[in-house]
Amino acid sequence: MKILTILGARPQFIKAGSVSREILRQKDEGRRLKEVIVHTGQHYDANMSDIFFDEMKIPKPDYFLGIGGKSHGAMTGQMIEKIEEVALKEKPDWIMVYGDTNSTLAGAIVASKLHIKLAHVEAGLRSYNMKMPEEVNRILTDRVSDILFCPTQTAVDNLKKEGFPFVTASGNKQKIANVGDVMQDGAMFYKQFAKKSPITNNYVLCTIHRAENTDDENRLRDIFEALNEIAKEKQIILPLHPRTKKIIQNLELNIQNLTIIDPVGYLEMVWLIDNCSLVMTDSGGLQKEAYFFEKQCITLRDETEWVELVENGYNTLVGANKDKIIEAYSKIINTNIPITNNQLTNLYGGGKASAKIIEELLGYE
């Protein structure tokens, strides 16, 4: 079985790395599996060099398309053209895509046009915010997939509410499989390789990068006013992207109480999550990683795809409301609600998602 894996953003490589390692493990046991990896170039910088792939124990891509830094339309259109060329050459049994990026959508469109079976990892996630390009990408990708690999029961329920499963181009009904979350596979694997930071314990780890916050002056101002209040009593570590840093400087926001650091690699981030007191973020992935490392999370967004974390009391949605942010921080620090390993297993599959994905692909008829 030949699988053509389409990746473009850094988090996708980390997620796919778990599945790639499982493919190699099963090949060693005699399974006839071959993976061909395509890197679209959607994210590419010095941190995505050969050192990144070696350090992360991820196979290097077989194809690098070099498509990045363009508008949504130009990027997606060029990706479709180039991925199609690769697919026609490689003739895979499956195209596999992850998440909700432009690379995901481009791979899905190529698979549907060429009638190649499509597997979508992280299917069924919904924020119900159609202004997010990611929401559009994930909905369209789900609709043309043959297998929908859902990370949670909530994702399965989302699909069923929308009328899934549908009949695919092959004439078969889509298969919906709740396999668990590949991000938990990765978190469990990478913890042993975490790179220690010089930062001491007893800090809050915070990240802010989503356009809904960084491009809205009022939201960003309220968030930073709250962070400065909290930082008077507890250190806040804030890895900041240069784009966000420039916006903060232009708005002359007060950051004097915050510990601003440059963006860190994934293995450094694993250490920071594992050793912090609390996570505050507008990132989708970091909400779950906080949970994997048994940390409470305050989410600086109005909605989240990971509603089961909110429903179970491990994630607090506060939007960009200064008072709500401070109130959530005080409540969590004072109550110190524990997260147990048993709950981790129940919500996200306990680190067995990659093996289930390969078994589903091999058993597909």
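Above this note sits the structure.
Below is a short write-up of the structure. (Residues numbered from 1 in each chain as written. Predicted model: local features only at pLDDT ≥ 70, side-chain atom pairs only at ≥ 80, totals over all residues. Heavy atoms only, no water.)

### What about the packing of helix α9 (residues 217-230) against helix α10 (residues 242-251)?
- One way to put it is that α9 packs onto α10 with a least axis distance of 11 Å and a crossing angle of 90 degrees. As summarised for this structure, α9 and α10 are arranged roughly perpendicular, according to the angle between their axes. Along its contact with α9, which presents E217, L220, R221 and F224, the element α10 presents I247, I248 and L251.
- When its residues are assigned to classes, the contact of α9 with α10 shows five nonpolar, no polar and two charged. (Axes fitted to C-alpha atoms, helices over the stretch in contact; angles between N-to-C directions. Helix = DSSP H or I, 4+ residues; strand = E, 2+ residues; numbered from the N terminus. Parallel < 35°, antiparallel > 145°, perpendicular 65-115°, else oblique. Contact = heavy atoms within 4.5 Å. Nonpolar A, V, L, I, M, F, W, Y, C, P; charged D, E, K, R; others polar.)

### Focus on helix α7 (residues 182-190)
- Burial within α7 is extensive, with seven of its nine residues counted as buried.
- When α7 is considered as a whole, its buried residues turn out to be V182, M183, Q184, D185, G186, A187 and Y190.
- Between a side-chain oxygen at the N-terminus of α7 and the backbone nitrogen of M183 the separation is 2.7 Å; the capping residue is D181. (Buried < 20%, exposed > 50% of the residue type's maximum accessible area, 1.4 Å probe, protein only. Polar contact = N/O pair within 3.5 Å; in protein donor to acceptor, adjacent residues only side chain to side chain.)

### Some words on the packing of α7 against helix α12 (residues 284-292)
- As a packed pair, α7 and α12 sit with axes 10 Å apart at the nearest point and diverge in direction by 55 degrees. Taken together, the axes of α7 and α12 are oblique relative to one another. In this structure, α7 crosses over α12, and the sense of that crossing is right-handed. Of the residues in α12, those in contact with M183, Q184 and A187 of α7 are G285, K288, E289 and F292.
- Among the residues forming the contact of α7 with α12, the class breakdown is three nonpolar, two polar and two charged. (Left-handed = near helix turned anticlockwise from the far one by under 90°.)

### Here's the deal with helix α6 (residues 153-161)
- All buried positions along α6 are accounted for by T154, A155, V156, N158 and L159.
- In the core, the buried residues of α6 are packed alongside α5 (133-144), β6 (147-150), β7 (175-178) and α13 (307-311).
- Where α6 terminates, the next one or two residues include G163, which has phi positive at roughly 100 degrees.

### What to know about the pattern of salt bridges
- In total, this model carries 24 salt bridges according to the counting rule given.
- For R31, the salt bridge is made with E359, and the minimal N-O distance between the two is 3.3 Å. Of this pair, R31 sits in the loop between α1 (10-28) and β2 (34-39) while E359 sits in helix α16 (residues 353-362), placing them 328 residues apart in sequence.
- The salt bridge involving R126 is made with D142; its shortest N-O contact spans 2.9 Å. Here R126 is found in the loop between β5 (117-121) and α5, whereas its partner D142 is found in helix α5, with 16 residues between them in sequence. As far as burial versus exposure is concerned, R126 and D142 are alike and both buried.
- Three or more residues are tied together by salt bridges with common partners; here these are D100, E135, R138, R301, E303 and E305. (Salt bridge = Lys/Arg side-chain N within 4 Å of Asp/Glu carboxyl O.)

### Here's the deal with the sheet that holds β5
- Pairing is parallel in the open sheet, where seven strands are placed in the order β3-β2-β1-β4-β5-β6-β7. Edge strands, defined here as strands with exactly one partner in the open sheet, are β3 (63-64) and β7.
- Strands in contact with helix α4 (residues 102-114) are β1 (2-7), β4 (94-98) and β5; relative to β4, the strand with the most contacts, it is inclined by about 160 degrees. (Pairing = 2+ DSSP bridges.)

### Concerning the side chain of S197
- Note that S197 resides in the loop between α7 and β8 (203-207).
- In terms of polar contacts, S197 uses its side chain to reach the backbone amide nitrogen of I199, at 3.1 Å.
- Setting aside residues up to four positions removed in sequence, S197 forms contacts with W271 and L272.

### Overview of the environment of N102
- Along the polypeptide, N102 turns up in helix α4.
- Accessibility expressed as a relative area gives 6% for N102, which makes it buried.
- Measuring from C-alpha to C-alpha, the distance between N102 and P198 comes to 36 Å, with 96 residues separating the pair along the chain.
- When sequence neighbours within four positions are dropped, the list of residues in contact with N102 reads Q42, H72, M75, T76, M79 and N137.

### Remarks on the packing of aromatic side chains
- Summed over the entire model, instances satisfying the criterion amount to eleven aromatic pairs.
- On the basis of an interplanar angle of 75 degrees and a centroid distance of 5.5 Å, the ring pair of F13 and F53 is categorised as edge-to-face. Taken together, the residues span a long stretch of sequence, with F13 in helix α1 and F53 in helix α2 (residues 50-55) at a distance of 40 residues.
- Classification of F53 as buried rests on a relative accessible area of 3%.
- Seen in terms of ring centroids, W306 and Y348 are 6.0 Å apart; in terms of plane orientation they differ by 65 degrees. Their pairing is edge-to-face. One end of the pair, W306, is in the loop between β12 (297-299) and α13; the other, Y348, is in helix α15 (residues 341-348), with 42 residues separating them in the sequence. Each member of the pair W306 and Y348 is classed as buried.
- Pairwise contacts between aromatic rings join Y291, F292, W306, Y314 and Y348 into one cluster.
- A cation over an aromatic ring shows up here: K117 above the ring of W94, its NZ or CZ 5.1 Å from the ring centre.
- Seen from the ring of F166, R143 lies directly overhead, with NZ or CZ sitting 4.0 Å from the centre. (Phe/Tyr/Trp six-rings, centres within 6.5 Å; stacked < 30°, edge-to-face > 60°. Lys NZ or Arg CZ within 6 Å of the ring centre and 35° of its normal.)

Purely geometric stuff here, so don't read any function into it on its own.
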